[in-house]
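Analysis of the macromolecular model
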Amino acid sequence: MISNVTATKTHGADFDAIVVGGGFGGLYAVHKLRNEQGLHVKAYDNASDVGGTWHWNRYPGALSDTESFCYRFSFDKELLDQGSWQSRYLTQPEILEYLNGVADRFDLRSSYQFNTKIVSTRFDEATGLWHVLTDKGESASAKYLITGLGLLSAINKPLFAGIDKYRGEVYHTGAWPEGADLSGKRVGIIGTGSTGVQVIIALAPVVQHLTVFQRSAQYVVPIGNWPEDTETIDNYKANYDAIWQQIKGSQVAFGFAESTTSGLEVSEAERDRVFEEAWQRGGGFRFMFETFTDVATSHDVNASAANFIKRKIAKIVKDPEIARKLMPGDLYAKRPLCATDYYGVYNRKNVSLADVKEDPITEFTANGVRLASGIEHELDVVIFATGFDAVDGNYTKIDIHGRGGVTIREKWADGPLGYLGMMEADFPNMFMILGPNGPFTNLPPSLESQVDWIAEAIATMEADGRSTIEPTQAAEDEWVETCRTIANMTLFPKAESWIFGANIPGKKNAVMFYLGGLGNYRDALQAVRESGYDSMIFDREAVLT
Ligand code: FAD
Ligand code: NAP
């Protein structure tokens, strides 16, 4: 069903809803609100086309680590049945093609204005409308503002001294230039997170020499990527209803049942047997959550998993000094990494490892990168695989004003806060997709759950003739506290990563996710719906200052 509504229901507004973002989240929001609910919708993205993450991250080796059968939308049975893929995991071009297909199927592009950045948004208490301003100086108003700005989208590019002097090329993986050819070049890569690991594996066989600048060593298990034949894919299709029901009731929503066995109940030998099985099967989330129920909560079980991986590193990497540098010293409690033969790359003659925790990068020179020891690495290209200002990074770039002129930057001065990962007290009719304090999972089913909930809240508003909806401050505080309590029951806050904002110098450490799982999260959404939105204030009077 496609409807290209051109009449606005909201009195005095240009549109009923403005959607920002053309990734999974924004695309689904446009479809729901325009095609299913008949609202007049305008959408923006500063990219040149749809895709979001998969438009920007075109670096060599870019791959999902969610399995192909569930890194997709579930809302349309025909779309699921028509879908196909080559391997257990989807490559970036495949995901981009999929999202382009979704945009075509539902005629979503006709609502988008691309190459356009939203620089400011302001809620007008007198009219109850949002006003957005673009980087081109255009403005538009709407009753509802839906932001799908991406939680891993605002790139983090550390400012190294001397970078302007460097005569070589500098790329960031999250803004990868079309057609970059690195064959035969001396390449340096800064960063060994999920992205760095994928680029390192892809480039090692192509470049003349690859120097990896590693600050924190990582636990990387095999991804287990292999071709999937038609029969396997047809089996997934035949079982889609059961598969998606399981996913939406599970914790991490990665398409497997999380273990219910405590690692503390079994012997060390049994733990190793289970870890070995998981190592052979492949998959980062499987290794952390399908093996034992308490890898991410018990220090002992976590140490067993970590030691298992360290023994693998020692076995795989031939040079004991390189193996030592590759051994992580912290807990196994970041978003789990997986890849094909990551540690084996370091046995190659054209790959060297610079441990920049032991010997930090001090500056860029005209020819490369200099370390504190004085060693200079001469490089034709330096790749920043340095990640993202996660979750709130794209929000704080926009001047977002709510009631009484309060800004999102002020509200989030001590770290981002969100009610159900979607709403903010004092920011009426603003709905964030994958905003702060949302679920930490395979993301398409989570963002689909959010957009469904947002669309239903909007439908209720329209049916009841409401003008505004916003959470009470008390409901928001309680949700944030719930997120904090659950996070503190895990080991995740004890490891420094983007999940808590620890990767950005100066960023306040904050609980940015609901770690209670998608099933419980969906129950919480359902409870709000069934209560008649009793955590919300409708049609609140203006608090104009
Ligand atoms: P995005 O896809 O990030 O889209 C946000 C869009 O908003 C962008 O196009 C951006 O240009 C636009 N935008 C932002 N600010 C503005 C503005 N001010 N004005 C206009 N436009 C704006 N998740 C998984 O669950 N499994 C995976 O395997 C997985 N792999 C990943 C691999 C990589 C390399 C990365 C970076 C992330 C991965 N993720 C994965 C997370 C991924 O981001 C989500 O799965 C999903 O794609 C997010 O969709 P989104 O629509 O919320 O945001
Ligand atoms: P990341 O996990 O934040 O990793 C960034 C890397 O850059 C880290 O190794 C970090 O070191 C390093 N770094 C940052 N600043 C540095 C500096 N000043 N000097 C030296 N090193 C520096 O980012 P990412 O790898 O892009 O991944 C982010 C998330 O995107 C992932 O967790 C995942 O959710 C998603 N993703 C998924 C996949 C996938 O497999 N499907 C692929 C890519 C990305 P420290 O660790 O010491 O900070």
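Summarised in this report is the structure supplied together with it. Being a predicted model, the structure only gives us computed values, none of them experimental.

Here is what the cut-offs are and how they apply
Residues numbered from 1 in each chain as written. Chains lettered and ligands numbered in written order. Predicted model: local features only at pLDDT ≥ 70, side-chain atom pairs only at ≥ 80, totals over all residues. Heavy atoms only, no water. Pairing = 2+ DSSP bridges. Helix = DSSP H or I, 4+ residues; strand = E, 2+ residues; numbered from the N terminus. Axes fitted to C-alpha atoms, helices over the stretch in contact; angles between N-to-C directions. Contact = heavy atoms within 4.5 Å. Expected span 1.5 Å × (residues − 1). Buried < 20%, exposed > 50% of the residue type's maximum accessible area, 1.4 Å probe, protein only. Polar contact = N/O pair within 3.5 Å; in protein donor to acceptor, adjacent residues only side chain to side chain. Near = heavy atom within 4 Å. Areas by Shrake-Rupley, 256 points an atom, 1.4 Å probe, with all protein chains shown as cover. Arc of directions from axis to C-beta. Core = buried A, V, L, I, M, F, W, Y, C linked by side-chain atoms within 4.5 Å.

1. Overview of the sheet that holds strand 14 (residues 351–355)
- If you trace the 5 strands from one edge of the open sheet to the other, you get 9-18-10-11-14, paired in parallel fashion. Because the sheet does not close on itself, it has two edges, and the strands there are strand 9 (169–172) and strand 14. Taken over all neighbouring pairs, the strand axes of this sheet differ in orientation by 20 degrees on average, direction set aside.
- Inspection of the sheet shows strand 11 (residues 209–214) paired to strand 14 by 5 bridges, in the parallel sense. If you follow valine 212 over to strand 14, its bridge partner there is leucine 353.
- Helix-sheet contacts for helix 5 (residues 194–203) involve strand 10 (186–190), strand 11 and strand 18 (381–384), and the interaxial angle to strand 10 is about 165 degrees.

2. A short note on the sheet that holds strand 16 (residues 368–371)
- A sheet is described by the order of its strands in space; here 3 strands give the open sequence 15-16-17, paired in antiparallel fashion. At either margin of the open sheet sits one strand with a lone partner, and together these are strand 15 (361–364) and strand 17 (376–378). Taking the axes of each pair of neighbouring strands and ignoring which way they run, one obtains an average angle of 25 degrees across the sheet.
- Where strand 16 lies against strand 17, 3 bridges are found, and the strand directions are antiparallel. Residue pairing for strand 17: valine 369 is matched across the bridge by histidine 377.

3. Points about helix 10 (residues 299–316)
- In this model helix 10 runs 26 Å from its N-terminal to its C-terminal C-alpha over 18 residues, within 8% of the 26 Å that 1.5 Å per residue would give.
- Of the residues making up helix 10, those classed as buried are Val301, Asn302, Ser304, Ala305, Ala306, Phe308, Ile309, Lys312 and Ile313.
- Buried-residue contacts for helix 10 involve strand 12 (220–222), helix 8 (268–281), helix 9 (284–289) and helix 11 (320–326).
- Capping the start of helix 10 is the job of one residue whose side-chain oxygen sits 3.2 Å from the backbone nitrogen of aspartate 300: serine 298.

4. Re the site of ligand 2
- Around ligand 2, a shell composed of 22 residues is seen, among which Thr195, Arg215, Ser216, Arg335 and Trp498 lie nearest.
- For ligand 2, an oxygen atom lies 3.5 Å from a polar atom in the backbone of glycine 193.
- A distance of 2.7 Å is found between an oxygen atom of ligand 2 and a side-chain nitrogen or oxygen belonging to threonine 195.
- Protein burial of ligand 2: of its 920 Å² of free accessible surface, 87% is covered by the chains.

5. So, helix 6 (residues 230–238)
- For helix 6, the complete set of buried residues consists of Ile233, Tyr236 and Lys237. For helix 6, the arc enclosing every buried residue in end-on projection is 100 degrees, short of the 170-degree limit, so these residues lie on one face. Across from the buried face of helix 6, at angles greater than 90 degrees, the exposed residues are Glu231 and Ala238.
- Close packing links the buried residues of helix 6 with strand 3 (63–67), helix 3 (77–82) and helix 7 (240–249).

6. Examining the nonpolar core
- One finds Ile146, Phe287, Ile309, Tyr332, Phe431 and Trp453 to be the most contacted residues of the largest nonpolar core, which totals 138 residues.
- The dominant element in this core, judged by the number of residues it contributes, is helix 13 (residues 443–464), at 8 residues.
- Filtering out sequence-adjacent residues up to four positions away, tryptophan 453 remains in contact with Leu420, Met422, Met423, Phe431, Leu525, Val528, Arg529, Tyr533 and Met536.
- Ile118, Ile398, Trp412 and Met432 belong to the second-largest nonpolar core, a separate cluster that totals 20 residues.

7. Section: the environment of glutamine 526
- Note on placement: glutamine 526 falls in helix 15 (residues 518–530).
- Classification of glutamine 526 as partly exposed rests on a relative accessible area of 32%.
- In sequence terms glutamine 526 and tryptophan 453 are 73 residues apart; their C-alpha atoms lie 8.4 Å from each other.
- One polar contact links glutamine 526 to arginine 529, side chain to side chain, over a distance of 2.7 Å.

8. Considerations on the site of ligand 1
- Neighbouring ligand 1 are 33 residues, the closest being Asp45, Asn46, Thr53, Asp65 and Tyr71.
- The side chain of tyrosine 71 places a nitrogen or oxygen atom 2.6 Å from an oxygen atom of ligand 1.
- Measuring from a nitrogen atom of ligand 1, one finds a backbone N or O atom of isoleucine 118 at 2.9 Å.
- About the coverage of ligand 1: the protein hides 95% of its 990 Å² of free accessible area.
- When residues of the shell around ligand 1 are traced back to their parent elements, those giving at least two are helix 1 (24–36), helix 2 (53–56), strand 3 and helix 13.

9. Here's the deal with the side chain of histidine 377
- With respect to the helices and strands, the residue histidine 377 is situated in strand 17.
- With residues up to four places along the chain from it excluded, the contact list for histidine 377 reads Thr211, Phe213, Ala354, Asn367, Gly368, Val369 and Leu371.

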